Amino acid sequence: MNTPQMPPLSAVEESRLEDRLAELRSASHAIEAPTAIEAKLRQAFRAKARRESSRPRLWWMPPFALVATVAAVSWIARGPTDLPVPVAAPVQASLDDAGPFLALRPLSRIALEPSATIVRTEFPRAYLAQLGLPVAPERAGEPVQAELLYSADGEALAVRLIDPN
Amino acid sequence: MDPKTTMAPRDMQPELSLLSRLRRGDEEAFAELYRRHKDAVYRFALLWTGSAATAADVTQEAFLAFIAKPEMYDPARGSFGAWLCGIARNFARKEAGLREDATDPSDLLADHALPEAFVENVTPEGRLLADERADQVRAALAAVAPHYRDVLVLCELCDHSYAEAAQACGIDIGTVRSRLSRGRAQFATQLSRLGLLAGSPRVKEAS
């Protein structure tokens, strides 16, 4: 695309251009901003200062939030999670002493169960992962013997592996 | 060396001290800063827009923006005056966008709100002639493309250095130079059309 270009100014034109610019420059040097502006700006400045002084000082909020977040994350990362905890005293005596039951529901819920039932069963080892227990991927398909503690309405409350290996 | 290529060394400490006081809510510090820069900002806005009323609005808006967020100005990036002119430039462009006729030369010729100081004061006849010519010169300036007018007004009429113009417009110094050259050429063309330069009207030629 062709860009329109101006021919260079002649010496006379250049001189006249400088004259016109000088005229504008000298005329504008005497110009001052209207005095009314300052009063309006001062008013705006005072209003802003008032707003800021009446606003509660919350400078401590961001660092506090950061510290609280770090503390919460580290507690979650290190602290106990939803992994089942061993049941110290099984609700009912088991058929043999294969090992402790692992609670699948809160202990308070299990303690309130009036008539829990222990059922011996067998299921694929992969199911242990759903109960929050570690499973080696290469053994996920193997069957595993376990005892499940059921509530009266059929809810699994705890599990005990008969053959944890 | 071209004196416009570099910023004049100046002691910015008093201004920085005022800024620091202002950020703590000191109204007198703001008033002092305002008085230091109000005329320069207003002059720039007046020359850019060609209207005293719009220039007053632009000046007020620029300082209001500064009051709202004084932390926007970073002393490491240049002078406070040039920064303010940059803010005023943005508002002037906005005004021109909102009111398309604000930079229409025919409207500017009819603008009687311009201050008396804008024209030369001589004899009544001379005053009439000067008045008419001043109007025409302003109209010619208003007809220059905005991005050329920016640097033309800043460098040629408001005594800002190239570096300050670059800061105000957010461009580099090389662009300031080229825009200034083209802005002068456009201004000359407009003046020529109005018979304010010697010779016949200048004509564009395609390269």
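Residues numbered from 1 in each chain as written. Chains lettered and ligands numbered in written order. Predicted model: local features only at pLDDT ≥ 70, side-chain atom pairs only at ≥ 80, totals over all residues. Heavy atoms only, no water.

A closer look at the overall build of chain A
So, point 1. In terms of regular secondary structure, chain A is built from five helices and five strands.
So, point 2. For chain A, the succession of helices and strands along the chain, N to C, is β-α-α-α-β-α-β-α-β-β.
So, point 3. Counting the 165 residues in chain A, one finds 25% classified as buried.
So, point 4. Expressed as a percentage of contacts within chain A between residues at least 6 apart in sequence, the contacts between residues at least 24 apart total 56%.
So, point 5. Carbon and sulfur atoms make up 60% of the accessible area of chain A, which amounts to about 11,100 Å² in all. (Helix = DSSP H or I, 4+ residues; strand = E, 2+ residues; numbered from the N terminus. Buried < 20%, exposed > 50% of the residue type's maximum accessible area, 1.4 Å probe, protein only. Contact = heavy atoms within 4.5 Å. Areas by Shrake-Rupley, 256 points an atom, 1.4 Å probe, with all protein chains shown as cover.)

Notes on the packing of helix α2 (residues 36-54) of chain A against helix α2 (residues 27-49) of chain B
So, point 1. Here α2 of chain A crosses α2 of chain B at 145 degrees, and the two axes come no closer than 10 Å. Both α2 of chain A and α2 of chain B take part in a crossing whose hand is right-handed. Of α2 of chain B, the residues touching α2 of chain A (which contributes Ile37, Glu38, Leu41, Arg42, Phe45 and Arg46 of chain A) are Glu27, Glu28, Phe30, Ala31, Tyr34 and Arg35 of chain B.
So, point 2. When grouped by side-chain class, the residues that make up the contact of α2 of chain A with α2 of chain B number six nonpolar, no polar and six charged. (Axes fitted to C-alpha atoms, helices over the stretch in contact; angles between N-to-C directions. Left-handed = near helix turned anticlockwise from the far one by under 90°. Nonpolar A, V, L, I, M, F, W, Y, C, P; charged D, E, K, R; others polar.)

Regarding the pattern of salt bridges
A pair can form between side chains of opposite charge whenever their charged atoms are brought close.
So, point 1. In this structure the tally under the stated criterion is 20 salt bridges over all chains.
So, point 2. As a salt-bridge pair, glutamate 28 of chain B and arginine 42 of chain A come within 3.2 Å of each other at their nearest N and O atoms. One end of the pair, glutamate 28 of chain B, is in helix α2; the other, arginine 42 of chain A, is in helix α2, on a second chain.
So, point 3. Overall, glutamate 28 of chain B belongs to the partly exposed group, its relative accessible area being 44%.
So, point 4. Here glutamate 147 of chain A and arginine 160 of chain A are joined by a salt bridge, their closest N and O atoms 2.5 Å apart. Of this pair, glutamate 147 of chain A sits in strand β4 (residues 143-150) while arginine 160 of chain A sits in strand β5 (residues 156-161), and the two are 13 residues apart along the sequence.
So, point 5. By relative accessible area, which is 2% here, arginine 160 of chain A ends up buried.
So, point 6. Overlapping salt bridges bring together Glu38, Arg42 and Arg46 of chain A together with Glu27, Glu28 and Arg35 of chain B as one network. (Salt bridge = Lys/Arg side-chain N within 4 Å of Asp/Glu carboxyl O.)

Looking at the sheet that holds β4 of chain A
All names here are of chain A.
So, point 1. Spatially, β2-β5-β4-β3 is the arrangement adopted by the four strands of the open sheet, whose pairing is antiparallel. Each edge of the open sheet is held by one strand with a lone partner, namely β2 (102-103) and β3 (117-124).
So, point 2. The sheet contact formed by β2 and β5 spans two bridges and is antiparallel. Residue alanine 103 lies in a different strand from β5, and its bridge partner there is alanine 158. (Pairing = 2+ DSSP bridges.)

As for the interface of chain A and chain B
So, point 1. At the interface, 36 residues of chain A touch 49 residues of chain B.
So, point 2. Approximately 4,100 Å² of surface area, both sides summed, lies buried where chain A meets chain B, with 63% of it carried by carbon and sulfur atoms.
So, point 3. Counting every contact that joins chain A to chain B gives seven salt bridges.
So, point 4. In this assembly, chain A and chain B are joined by 14 residue pairs in polar contact (both at pLDDT 80 or more).
So, point 5. At the level of secondary structure, the elements contributing two or more residues to the side of chain A that touches chain B comprise β1 (4-5), α1 (11-29) and α2 of chain A.
So, point 6. Looking at the side of chain A that touches chain B element by element, the count peaks at 14 residues for α1 of chain A.
So, point 7. The residue inventory of the side of chain A that touches chain B, partitioned by class, reads 18 nonpolar, five polar and 13 charged. (Buried area = accessible area lost by both parts, 1.4 Å probe. Polar contact = N/O pair within 3.5 Å; in protein donor to acceptor, adjacent residues only side chain to side chain.)

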